[in-house]
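Each chain is listed here by its residues.
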Amino acid sequence: MDSYLIQVNGRGDHAPLLDVHLKSTGNTISPGKVKGRKPRWAVRASEMSKKTFNPIRAIVDSMKVEPNPKKAMISLSLGDPTVFGNLPTNDEVTQAVKDVLDSGQYNGYAPSVGYQSCREAVAAYYNCPEAPLKAQDVILTSGCSQAIELALAVLANPGQNILVPRPGFSLYKTLALSLGIEVKLYNLLPEKAWEIDLEHLESLVDEKTACLIVNNPSNPCGSVFSKSHLQEILAVASRQCVPILADEIYGDMVFADCKYEPIATLSTNVPVLSCGGLAKRWLVPGWRMGWILIHDRRDIFGNEIRDGLQRLSQRILGPCTIVQGALERILHRTPPEFYHNTLSILKSNADLCYAALSAIPGLQPVRPAGAMYLMVEIEMEHFPEFENDVEFTERLISEQSVFCLCFRNLIVA
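Here the structure is a predicted model, which is why all the values come from computation and not from measurement.

Draft legend 1. Spotlight on helix α12 (residues 389–400). With 12 residues, α12 ought to run about 16 Å at 1.5 Å a step, and its terminal C-alpha atoms sit 16 Å apart, in line with that. Listed in full, the buried residues belonging to α12 are Asp389, Phe392, Thr393 and Ile397. Relative to the axis of α12, the buried residues are bounded by an arc of 140 degrees and lie together on one face. At the N-terminal boundary of α12, the capping side chain belongs to Asn388, with an oxygen 3.1 Å from the backbone nitrogen of Val390. A positive phi of about 60 degrees marks Ser401, the residue just after α12.

Draft legend 2. Broad picture of empty space enclosed by the protein. Summed over all chains, the structure comprises 2 cavities of 30 Å³ or more. If you add up the space inside the largest cavity, you get close to 60 Å³. Every residue lining the largest cavity is listed: Ala264, Ser267, Thr268, Asn269, Val270, Pro271, His295, Asp296, Arg297, Arg298 and Ile300. Its residues assigned to classes, the lining of the largest cavity comprises 4 nonpolar, 4 polar and 3 charged. Space inside the second largest cavity adds up to approximately 40 Å³. Every residue along the wall of the second largest cavity is listed here: Pro165, Pro167, Tyr186, Leu188, Asn215, Ser218, Asn219, Ser223 and Phe225.

Draft legend 3. Quick look at the packing of helix α3 (residues 91–103) against helix α10 (residues 321–333). Packing of α3 against α10 brings their axes to within 8 Å, and their N-to-C directions diverge by 145 degrees. Handedness of the α3/α10 crossing: right-handed. Residue-level inspection shows Glu92, Val93, Gln95, Ala96, Val97, Asp99, Val100 and Leu101 of α3 in contact with α10, the latter providing Ile322, Gly325, Ala326, Arg329, Ile330 and Arg333.

Draft legend 4. Just the UniProt feature "modified residue: N6-(pyridoxal phosphate)lysine" (unreviewed entry) in the protein, in detail. Residues annotated in UniProt with the feature "modified residue: N6-(pyridoxal phosphate)lysine" (unreviewed entry) correspond here to Lys280. Take Lys280: it is sitting in the loop between β11 (272–277) and β12 (290–295). Residue Lys280 is classed as buried on the basis of its relative accessible area, which comes to 12%. With residues near it in sequence (within four places) discarded, Lys280 still touches Gly79, Ile249, Tyr250, Met253, Met372 and Tyr373. Here Gly79 takes part through its backbone oxygen, which lies 2.4 Å from a polar atom of the side chain of Lys280.

Draft legend 5. Highlighting the confidence of the model for the protein. Across the protein, the average pLDDT comes to 89, with 87% of residues at 70 or higher. Here residues 1–25 scores under 50 on pLDDT; set against residues more than four positions off or in separate chains, the count is 29 contacts.

Draft legend 6. Expanded view of the nonpolar core. Core analysis: the biggest nonpolar cluster contains 71 residues, and Ile162, Leu278 and Trp291 have the highest contact counts within it. Element by element, the count of residues in this core is highest for helix α5 (residues 143–155), at 8 residues. For Leu278, the contacting residues outside a window of four places in its chain are Leu283, Val284, Met289, Trp291, Val323, Leu327, Ile330 and Leu331. Counting residues in hydrophobic clusters, the runner-up holds 29 residues, among them Cys221, Leu230, Ile244 and Val366.

Draft legend 7. How the structure looks around the packing of aromatic side chains. What the rule picks out here adds up to 11 aromatic pairs. Consider the rings of Trp282 and Tyr339, whose centres lie 5.9 Å apart with planes at 85 degrees: the pair is edge-to-face. Taken together, the positions of Trp282 in the loop between β11 and β12 and Tyr339 in helix α11 (residues 336–358) put the pair 57 residues apart, joining distant regions of the chain. Neither residue differs from the other here; Trp282 and Tyr339 are each classed as buried. Pairwise contacts between aromatic rings join Tyr125, Tyr126, Trp282, Trp291, Phe338 and Tyr339 into one cluster. In this arrangement the basic side chain of Arg281 is found over the ring face of Tyr339, its NZ or CZ atom lying 3.8 Å from the centre.

Draft legend 8. Structural detail: the packing of α5 against helix α9 (residues 302–313). Between α5 and α9, the shortest axis-to-axis distance is 9 Å and the interhelical angle comes to 125 degrees. Compared by their axis directions, α5 and α9 come out oblique. Judged by the sense of rotation from one axis to the other, the crossing of α5 with α9 is right-handed. Here α5 contributes Leu150, Ala151, Ala153, Val154 and Leu155 to the contact with α9, which in turn contributes Ile305, Gly308, Leu309, Leu312 and Ser313. Considered class by class, the residues forming the contact of α5 with α9 number 8 nonpolar, 2 polar and no charged.

Reading the values: rules and limits
Residues numbered from 1 in each chain as written. Predicted model: local features only at pLDDT ≥ 70, side-chain atom pairs only at ≥ 80, totals over all residues. Heavy atoms only, no water. Helix = DSSP H or I, 4+ residues; strand = E, 2+ residues; numbered from the N terminus. Expected span 1.5 Å × (residues − 1). Buried < 20%, exposed > 50% of the residue type's maximum accessible area, 1.4 Å probe, protein only. Arc of directions from axis to C-beta. Polar contact = N/O pair within 3.5 Å; in protein donor to acceptor, adjacent residues only side chain to side chain. 1 Å grid on protein atoms, 1.4 Å probe; cavity = no way out; pocket = protein on both sides within 12 Å on 5 of 7 lines; lining within 4 Å. Points joined across faces, edges and corners; volume = space filled by probe spheres on them. Nonpolar A, V, L, I, M, F, W, Y, C, P; charged D, E, K, R; others polar. Axes fitted to C-alpha atoms, helices over the stretch in contact; angles between N-to-C directions. Left-handed = near helix turned anticlockwise from the far one by under 90°. Contact = heavy atoms within 4.5 Å. UniProt positions renumbered as here; feature names shortened; annotations may be inferred. pLDDT = per-residue confidence, 0-100. Core = buried A, V, L, I, M, F, W, Y, C linked by side-chain atoms within 4.5 Å. Phe/Tyr/Trp six-rings, centres within 6.5 Å; stacked < 30°, edge-to-face > 60°. Lys NZ or Arg CZ within 6 Å of the ring centre and 35° of its normal. Parallel < 35°, antiparallel > 145°, perpendicular 65-115°, else oblique.

This is the structure we're talking about:
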């Protein structure tokens, strides 16, 4: 076997790249002439990056409209409860994090699926007789968005398809397309408080359908499904043998006249990956703490899905350890009046917006039942000066400095 010598020409500890030569039995191999190497740069963005597209960002970035300089900008385009400062988190929540930080006990790496004690805390918080949970049924993630990404990645392969609500949270499509997964949009019915068009939903299922996404309470519709409607959704999933990815980040953020039912508590034979987190209910989206709850009482997922989630979680080695350390205290010691006060503010704002918008000819709001959103239909015949809903929302910005998102003659406030 030939012996090789690395020869470094020049002074200093680090030589320029072109001063490094490989020598083998007297023959010098020039870096520019290595066999198989192209003699030119050919760096290209990956196919995954090219497939990644966020439609909301496309709307936001394409609007080249300046707000009215005489009016302060009111941005209603982002589901961030912290933006305006009127919805702070509870003191117990922040103190829990401060105490963990001062302890110095959570500065290292944690298991990629989260500390065992933290997984136990989440399991205990959501455990109930109808949908029992243990620590091994919990995967901690960097926010609910990563929970959704991991759930999609473990359930679907490139070339398969998923069923996604329309209108719906744009991240589902962004994540799926980047993974080479086709998106099929099923309709929500505004005249039925945004219930799913079940006939349309079932018509989309084929042999390549990997999962059904159910978002309840809804972003961006503000709707909350009844128990009977959730049972109808489960019946479709059961007939078609399609697992459910439940986006329940707004779980329990419903107004007094409604009741939130986690879909897994109603499922006897449909496996469910339920995604949630601290972001909305505890008003700390920037803390990036989410989770996946694995509900699989018939052992349909088996070990394969659990193992797959664990392997996928190893790509970024888990969520913030500081927040993990505070998680048990946050979940079990946040006072009930904090949740009540948050919902009271959201409900009063929703009622105010609904009443004001209902009085405007050409705008038809759909009364929300929870979450942080309100959808409004724009009857364009009442606004002949605008060609479409995009122009309408652009004028809102230029005249009133109010920024909303539009979805096919619907605006989200």
